[in-house]
Amino acid sequence: VMQRCDFESRINNTTHHTDQNGLDRLIVRRGLPFTITLHLKSGSQFQAGVSTFRLIVETGPLPKEQSGTKSTFSLTDSTSKTAWSASITSPPGNVVSLSVSSPPDVPIGLYSLTLDQGQKVKLGEFVLLFNPWCAKDAVYMEEERDRQEYVLSQAGLIYKGTTKRIKASPWTFGQFEAGMLDICLKLLDENPKYSLDVDADCSGRRNPVYVTRVISAMINSNDDKGVLVGNWSGDYDDGVRPSHWTDSVAILHQWADNCCQRVRYGQCWVFAAVACTVSRALGIPCRVVTNFGSAHDTNSNLMIEFLYDEDGNDISDDSVWNFHVDPTPQEKSEGVFCCGPVPLKAIKEGELTLKYDAPFVFAEVNADVVEYMKLTNGRMVKMRGSSMDVGHFISTKAVGSDERHDITHLYKYPEGSLQEREVYERAKHHHELQQKGEEPGLKVKIKVSPDMDIGADFDVFAVVTNNTEADKTCRVMFYARIVSYDGKPGANCGFIEDLTMEVPTGKEKRLPLRLEYVDYGDTITSDRLIQLVLIIIESSPREFHKAKRTIVLENPDIAIKLLGEPRVNQKLSAQISLQNPLPEPLQNCFFSVMGAGLTDGRILIQNVGTVGPKQEAKYTVEFTPTSTGSRTLTVDFDSDKLSNIKGYLNIEIKE
């Protein structure tokens, strides 16, 4: 007769790489045995071959043997690799140690374990996760350093900016912070498929592809009780500005603590970072990847068509985002707003018949760009055509370091290479674009100044080179406008209109355009992006040339300095400072500080009031690290005129 059961969570969680979730309850990974101990009442003895019992594991509200959500099994001499099994690992006596093993392809989730000796006794509950350490699990990763980064690391970097100026932004994934695992399991139970057919949904959780599709659908709230509302409008008054977030923990807590009400607001990197947190929490290796020059192809023809009127105004539907971080579900997939998963190989080889959303994702990294000018008489004139605008510097944080890892080669063959063009043709994409090198004609480009800091005034230059035998007379339109990262244009902040320029044969002409803080300061978004557009119209023969370039203004750095020796469970202080780069005061200045294993799952917020021009905002923050090892402290600075400033410091916490 049993007195009590010990799930040995301290030993098991450590063996199963789930100890960062805590040691107070059993959390194990599939395909790897775990130990439980049965304490029998004094006088009772367990004797192999004489005493018999069965164990029952069940998950979900409708557990069934045929769905893989229930299993009843007796003791065997050794544990099985293909079915639930248990064997005794202790000598006869009143303490019985059992080794329980799950197959590597059973559904993940919350399980109950029951002892059946004719009378059923529930022993307790445990959580079963995917297992990247198990070679038979579909999520297996060979290298330990990859598993450390893509499953166990709670901090990361997300890349933003433009191809010419890639900026790393820190993010706390926090998948092991208090409450996170339960919220991630709740997210699975809140998905619409669960209420439509709970048996099929719980059974489907054996398959990481199914689970990632559920995660993608549930991260956005277009058509379910999902986590985040996407907003690219610039108006965020009734919620949190997307660029303000620095961690997934606050977002997931807010969603779960408010009866699954949608959290306002997210943009692409927020969706991706939260999806990464949920994936890592459930044991699916995951990384956040940024694609620079990401095409949003509205009519699925794998071509991005830009249309301008004669004044140079953009009148097109398609867009190229300055950067984009998957998985942001922007279009419906099989009737639901979710995106992927798509095998990388399918994207690289142009195999677009595969599920899920391959054409949309292929276009994001490969679409060709064609530009037309619509003349006042309605005629369409083609401007320069290029396939070099989309899918550059596909970036993710390197394994085990803060370097940027360029993984473009995994998504596409080298731009302009024979294989890349062949793949492109295979993707049913036959239109003739003349590849022009240093041919005779006018060369048109935009050059920029080296120091383009937010708050400063600076010049950008239109450069026209005449490689023809004749002198040229041209009409110049050169303008600058605010743009958000998804390519949406904002207010103009500088322009030269209808200027006539003479360019002698064989010569280069430069025309400066001065951008001043008084013109861009009020309308620039927290993305700090300005798009420059140069249109040159040759008078004879009448030809149209265009150059376009997006610049990102440099933000000030946040300095973080530790005061004292970082030790676990001992108070630690850090001094945080930032200099106001603007020629006017910043009002309502806040620092927000967060770190997994550092700030006890909370965001520490300090209001530092008003900071004058070139003055410093300062904050000394105190926190108590709760776990050893490498941890990351992330800092966000926010104010009325300057926001989305991030800083971080990696801290090694000693015993």
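The numbering scheme is per chain: residues are counted from 1 as the chain's sequence reads. Residues qualify for local features only when their pLDDT is at least 70, as the model is predicted, and side-chain atom pairs are given and counted only at 80 or more; totals for whole chains, interfaces and linings, by contrast, use all residues. In computing side-chain values, all of the structure's heavy atoms are included and hydrogens and water are not.

You'll find the protein entered in an unreviewed UniProt entry as Protein-glutamine gamma-glutamyltransferase 2, with Hucho hucho given as the organism. Per its UniProt entry, the protein bears the Sequence similarities (unreviewed entry) comment "Belongs to the transglutaminase superfamily. Transglutaminase family." UniProt positions are given in the numbering used here, feature names are shortened, and annotations may be inferred rather than shown by experiment.

A. Examining the packing of aromatic side chains more closely. Ring pairs shown here join Phe, Tyr and Trp side chains whose ring centres sit within 6.5 Å, with only the six-membered ring taken for Trp; geometry is labelled stacked below 30 degrees between planes, edge-to-face above 60, and tilted in between. A full pass over the atoms with the stated rule returns twelve aromatic pairs. With a centroid separation of 6.3 Å and an interplanar angle of 15°, the aromatic rings of W232 and F271 are classed as stacked. Here the residue W232 occupies a position in the loop between strand 12 (228–230) and helix 7 (248–257), and F271 occupies one in helix 8 (residues 268–282), the gap between them amounting to 39 residues. Note on exposure labels: buried denotes an accessible area under 20% of the residue type's maximum, exposed denotes more than 50%, and partly exposed covers the range between, all computed with a 1.4 Å probe on protein chains only. Given a relative accessible area of 22%, W232 falls into the partly exposed group. Judged by relative accessible area, which is 3%, F271 ranks as buried. Ring geometry for F591 against Y619: centres 6.3 Å apart, planes inclined by 20°, an arrangement best described as stacked. Residue F591 is found in strand 32 (residues 586–594), and its partner Y619 is found in strand 34 (residues 616–623); the two are separated by 28 residues along the sequence. Put simply, DSSP H or I for four residues or longer makes a helix, DSSP E for two residues or longer makes a strand, and each gets a number counted from the N terminus.

B. Region of the structure containing the sheet that holds strand 30 (residues 559–563). Only when DSSP finds a minimum of two bridges between them are two strands counted as paired. Taken in spatial order, the three strands make up an open sheet running 30-31-34, and their pairing is antiparallel. The strands lining the two open edges of the sheet, one partner per strand, are strand 30 and strand 34. Within the sheet, the average angular offset between the axes of one strand and its neighbour, ignoring direction, is 20°. To obtain each axis, a line is fitted to C-alpha atoms, and for helices this fit is confined to the stretch in contact; angles are then taken between N-to-C directions over 0 to 180 degrees.

C. Quick peek at the confidence of the model for the protein. On average, the protein scores 88 in pLDDT, and the residues at 70 or more come to 91%. Scored below 50 in pLDDT, residues 428–439 shows 23 contacts in the model against residues more than four places distant or in partner chains. A score from 0 to 100, pLDDT tells how confident the predictor is in each residue. A contact between two residues is defined here by any heavy atoms of the two lying within 4.5 Å.

D. Molecular detail of helix 3 (residues 180–189). Within helix 3, seven of the ten residues are buried, which leaves the element mostly enclosed by the surrounding structure. Looking only at helix 3, the buried set comprises M180, L181, I183, C184, L185, L187 and L188.

E. Local environment of the sheet that holds strand 32. What the four strands build is an open sheet, ordered 33-32-35-36; its pairing is antiparallel. Every interior strand has two partners, whereas the edge strands, strand 33 (604–611) and strand 36 (645–653), have only one. Each adjacent strand pair in this sheet contributes to an overall mean axis angle of 20°, direction not counted. As paired strands, strand 35 (residues 629–638) and strand 36 are joined by nine bridges and run antiparallel to one another. Across the sheet, T632 pairs through a bridge with N650, a residue of strand 36.

F. Expanded view of the packing of helix 3 against helix 7. Two elements in contact, helix 3 and helix 7, have axes whose closest approach is 10 Å; the angle formed by their N-to-C orientations is 60°. Here helix 7 runs oblique to helix 3, going by the angle between their axes. Along this stretch, helix 3 crosses helix 7, giving a crossing that reads as left-handed. Two secondary-structure elements touch here, helix 3 through M180, I183, K186 and L187 and helix 7 through V249, L252, H253, W255 and A256. When an angle is under 35 degrees it counts as roughly parallel; over 145 it counts as roughly antiparallel; between 65 and 115 it counts as roughly perpendicular; any other value is oblique. Note: crossing handedness is left-handed where the near helix turns anticlockwise from the far helix by less than a right angle, and right-handed where it turns clockwise.

G. Representation of the UniProt feature "binding site: Ca(2+)" (unreviewed entry) in the protein within the structure. UniProt records the feature "binding site: Ca(2+)" (unreviewed entry) at N366, D368, E415 and E420, using the numbering of this structure. Topologically, N366 is positioned in helix 10 (residues 358–366). Apart from residues no more than four positions distant in its own chain, N366 is found in contact with I347, V390, K412, E420 and Y424. Position of E415 relative to the elements: it lies in the loop between helix 11 (408–411) and helix 12 (418–426).

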